[in-house]
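Commentary on secondary and tertiary structure
Listed below are the residues making up each chain.
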Amino acid sequence: MNGNIIVQDSKIHGRGIFAAREIGEGEVIINWAECKENLTEPDVEKLSIEERKRVSVIDGQHVLFKPPACWVNHSCEANARGTGGRDVAMRIIKKGEEITVDYLLENVPDLNLRCNCSSHNCRGILRSPVESAAK
C-alpha cells in the first residue's frame, strides 16, 4: 500500500480507503495497474456475487478491482474519479477523509445499491442505467 492511503472501517460500507495525508486536486491516489485484472464476459459470469461487485466496465473491458482499489466506496458527492487507469482526486482531500467515487460515473455493472453516503445530495438508491430502464 502506498503512503497516500490507509484502509480502515468505513461508515459508508465495510472497509474504505482514507487519506493518510492531504491529497491535492488532480493527484493520483491509486494506480489501477497494481490492483486490477481484465476479464472476459465468461470470466465475469464465473465470479461469485461478492466478486462481481468489484467489476467495472471500462472502455468496453470488464475490470476486476483488487485491494486497495476494491475498497473505494461510493458517495453521491465523491472526491475522486476513475480516469486513465487511476483514481484521481477531484478536489483537495483532507488527511483522514474517506476517498470515494461516484459508482454511477464509474459504470459499475448490475448496480443496485442502497446508498449510505449521507451527503446532502444523496440519491438513496443507485441502479445501473440499463437496470433502471428495465424497471
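Residues numbered from 1 in each chain as written. Predicted model: local features only at pLDDT ≥ 70, side-chain atom pairs only at ≥ 80, totals over all residues. Heavy atoms only, no water.

Looking at the packing of aromatic side chains
Selection criterion: For this analysis, a ring pair means two rings from Phe, Tyr or Trp (six-membered ring only for Trp) whose centres lie within 6.5 Å, classed as stacked if their planes differ by under 30 degrees, edge-to-face if by over 60, and tilted for the remaining angles. In DSSP terms, a helix is any run of H or I states spanning at least four residues, a strand is any run of E spanning at least two, and both are numbered starting from the N terminus. Accessibility here uses a 1.4 Å probe with only protein chains present; expressed as a share of the type maximum, an area under 20% marks a residue as buried, one over 50% as exposed, and anything in between as partly exposed.
For the coordinates displayed, the defined rule picks out one aromatic pair. Seen from their ring centres, Trp32 and Phe65 are 5.0 Å apart, and the 75° between their planes marks the pair as edge-to-face. Pair noted here: Trp32 is in the loop between β3 (28-31) and β4 (36-39) and Phe65 is in strand β6 (residues 61-65), with a separation of 33 residues, a long-range link. By the burial criterion, Trp32 is buried, and Phe65 matches it.

Let's talk about the sheet that holds strand β1 (residues 5-9)
Short version of the rule: The criterion for strand pairing is that DSSP finds at least two bridges linking the strands in question.
If you trace the four strands from one edge of the open sheet to the other, you get β1-β2-β10-β7, paired in mixed fashion. Two strands bound the open sheet, and with one partner strand each, they are β1 and β7 (73-74). Across five bridges, β1 lies against strand β2 (residues 15-19) in antiparallel orientation. Bridge assignment links Val7 to a residue of β2, and that residue is Ile17.

Regarding the nonpolar core
Side chains of a nonpolar character, in soluble globular proteins, are inclined to be buried together. Formally: Among the buried residues, those of types Ala, Val, Leu, Ile, Met, Phe, Trp, Tyr and Cys that are joined through side-chain atoms within 4.5 Å form a nonpolar core. Here a residue-residue contact requires only that any non-hydrogen atoms of the pair lie within 4.5 Å.
One finds Ile23, Ile29, Ile30, Ile93 and Ile99 to be the most contacted residues of the largest nonpolar core, which totals 25 residues. Residue assignment for this core shows that the elements contributing at least two residues are β1, β2, β3, β6 and β10 (98-101). Look past the residues within four positions of Ile99 in its chain and what remains in contact with it is Ile5, Ile17, Phe18, Ala19, Ile23, Ile29, Val72, Asn73, Asn79, Ala80 and Ile93.

Overview of the sheet that holds strand β9 (residues 86-89)
We apply this condition: Axis angles are defined between N-to-C directions and span 0 to 180 degrees, where every axis is a line fitted to C-alpha atoms and, for a helix, only to the segment in contact.
Strand order across the open sheet formed by three strands is β3-β9-β8, with antiparallel pairing between neighbours. Where the open sheet ends on each side, the last strands, each with one partner, are β3 and β8 (80-83). This sheet shows a mean twist of 20° between the axes of neighbouring strands, independent of strand direction.

Considerations on the pairing of β6
The buried fraction of β6 is high, at four of five residues. Sheet topology places strand β5 (residues 55-58) next to β6; four bridges connect them, and they run antiparallel. Bridged to Val57 within β6 is His62. Linking two consecutive strands that pair antiparallel, namely β5 and β6, is a turn of two residues; a positive phi of about 50° is found at Asp59 within it.

Examining the pattern of salt bridges
Cut-off, in case you're wondering: The working definition used for a salt bridge is a side-chain nitrogen of Lys or Arg within 4 Å of a carboxyl oxygen of Asp or Glu.
All chains considered together, the criterion is met by five salt bridges. Arg21 is the partner of Glu27 in a salt bridge, and the nearest nitrogen-oxygen pair spans 2.1 Å. As a salt-bridge pair, Lys66 and Glu37 come within 3.2 Å of each other at their nearest N and O atoms. With Lys66 in the loop between β6 and β7 and Glu37 in strand β4, the pair connects residues that are 29 residues apart, well separated along the chain.

Examining the pairing of β2
Counting buried residues along β2, four of its five residues qualify, which places the element largely inside the surrounding structure. Hairpin connection between β1 and β2: a loop of five residues separates the two successive antiparallel strands, and Gly14 in this loop has a positive phi of roughly 50°. Of the pairings in the sheet, the one linking β2 to β10 comprises two bridges and is antiparallel in character. Note on β10: the bridge partner recorded for Phe18 is Glu98.

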